[in-house]
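# Close look at the chain arrangement
Chain by chain, the residues run as shown.
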Amino acid sequence: MFKRSVLATLFMAAAMPALAHTGHASASGFVSGFSHPLGGIDHVLAMVSVGLFAALLGGRAMWALPASFVGMMLAGGILGLTGIAIPAVEFGITLSVVVLGAVVTWGRQWPIQAAAAFVGVFAVFHGHAHGVEIPSGASVALYSLGFSLATVLLHGAGMTVATITARQAHVGRLAGAAIAVGGLVLLIG
C-alpha cells in the first residue's frame, strides 16, 4: 500500500506544474502568504524534505533546521521585496527539491550547524520568490507571517511522517527518493 502511495504521489508531482510563482498580484495579506507555499509542489516538496531531514538527524536538528530555513527564507523575502535580484531563483528552488530529497534518501548524519546552513542556502531562494510576489498594498508583515506559518507546518508534516515511520527507516528514505525524483521531473519540465 505504501509503495502505491509513493508512486501515486510521484505521478501527481510529475503532472502538476510549479504553481506557486504565477506572478498574480490579486492576493494580499495573511491568507495569501499562507497559501503561497501550499500552492506550488516545488515549495511543498522542499519544505517537507527539510522536516524529513531534521527528523533524520533528530535532537536539536528538529528545531534548528526549521528555524534556519524560516529565518533565511525571511531574509530572502526581504531581498525579493526590496528588488535585489538573485540569479536563477526558480532553478534554485527546484534544485532544492532534488538535493534535499537526495540528502534524505542518502540518510547520513550531518553536523547540525552544517545541515542548518545547508537548508538555509536553499531557503533564500524560496524566500526571494515569496518576497517578489507580495502584492502591492498587502501587509508585508501579515503576508510574511502567513508564508512562515505554512512553511513551519510543512516542516512539521515531514517530521511527523519521519517520526511515525521511524522504525522503518526505509520509508523515510523512499519518501526522500520520491521527492528527489519529483524535483527532477520539475527540472526537466
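Residues numbered from 1 in each chain as written. Predicted model: local features only at pLDDT ≥ 70, side-chain atom pairs only at ≥ 80, totals over all residues. Heavy atoms only, no water.

## Some thoughts on the overall build of the protein chain
Put simply, the test is: Each helix is a run of H or I in the DSSP string that is no shorter than four residues. Each strand is a run of E no shorter than two, and both are numbered from the N terminus. Partly exposed describes any residue whose relative accessible area lies between the buried limit of under 20% and the exposed limit of over 50%, with all areas from a 1.4 Å probe on protein chains only and scaled to the type maximum. Whether two residues touch is decided by their heavy atoms; if any such pair falls within 4.5 Å, the residues are in contact.
Secondary structure assignment for the protein chain yields 8 helices and 0 strands. The buried share of the protein chain, reckoned over its 189 residues, is 48%. Restricting the contact set of the protein chain to residue pairs at least 6 apart, pairs at least 24 apart contribute 83%.

## Topic: the confidence of the model for the protein chain
Definition in use: Values of pLDDT, which run from 0 to 100, indicate the predictor's confidence residue by residue.
Across the protein chain, the average pLDDT comes to 86, with 85% of residues at 70 or higher. In the model of the protein chain, helix 1 (residues 2-15) stands out as the element of lowest mean pLDDT, 43, in contrast to helix 4 (residues 61-81), which has the highest, 97. Contacts of residues 2-27 to residues separated by more than four positions or lying in other chains number 37 contacts, the stretch itself having pLDDT below 50.

## Overview of the packing of helix 5 (residues 89-106) against helix 6 (residues 112-132)
To keep things clear, this is the line we draw: Each axis is a line fitted through C-alpha atoms, and for a helix only the stretch in contact is used; angles between axes span 0 to 180 degrees, taken between their N-to-C directions. For a crossing to be left-handed, the near helix must be turned anticlockwise from the far one by less than a right angle; the clockwise case is right-handed. In this classification, Asp, Glu, Lys and Arg are treated as charged, Ala, Val, Leu, Ile, Met, Phe, Trp, Tyr, Cys and Pro as nonpolar, and every other residue, Gly included, as polar.
It is at 9 Å that the axes of helix 5 and helix 6 come closest, and there the two elements cross at 145°. By crossing handedness, the relation of helix 5 to helix 6 is classed as left-handed. On helix 6, the residues that touch Val89, Gly92, Ile93, Leu95, Ser96, Val99, Leu100 and Val103 of helix 5 are Phe118, Val119, Phe122, Phe125, His126, His128 and Ala129. Split by residue class, the contact of helix 5 with helix 6 holds 11 nonpolar, 4 polar and no charged.

## Re the packing of aromatic side chains
Note the following rule: Ring geometry is summarised as follows: Phe, Tyr and Trp rings, the Trp one being its six-membered ring, pair when their centres sit within 6.5 Å, and such pairs are stacked at plane angles under 30 degrees, edge-to-face over 60 and tilted between the two.
Scanning the entire structure with this criterion turns up 5 aromatic pairs. When the ring of Trp110 is compared with that of Phe118, the centres are 4.8 Å apart and the planes differ by 50°; the resulting orientation is tilted. Relative accessible area serves as the criterion here: at 21%, Trp110 is assigned to the partly exposed category. With centroids separated by 5.4 Å and ring planes inclined at 85°, the aromatic side chains of Phe118 and Phe122 adopt a geometry described as edge-to-face.

## Quick word on unusual backbone geometry
In this structure, Ala88 is a non-glycine residue whose phi angle is positive, near 55°. Turning to its location among the elements, Ala88 is positioned in the loop between helix 4 and helix 5. Among the residues examined, Ala88 registers a relative accessible area of 47% and is labelled partly exposed.

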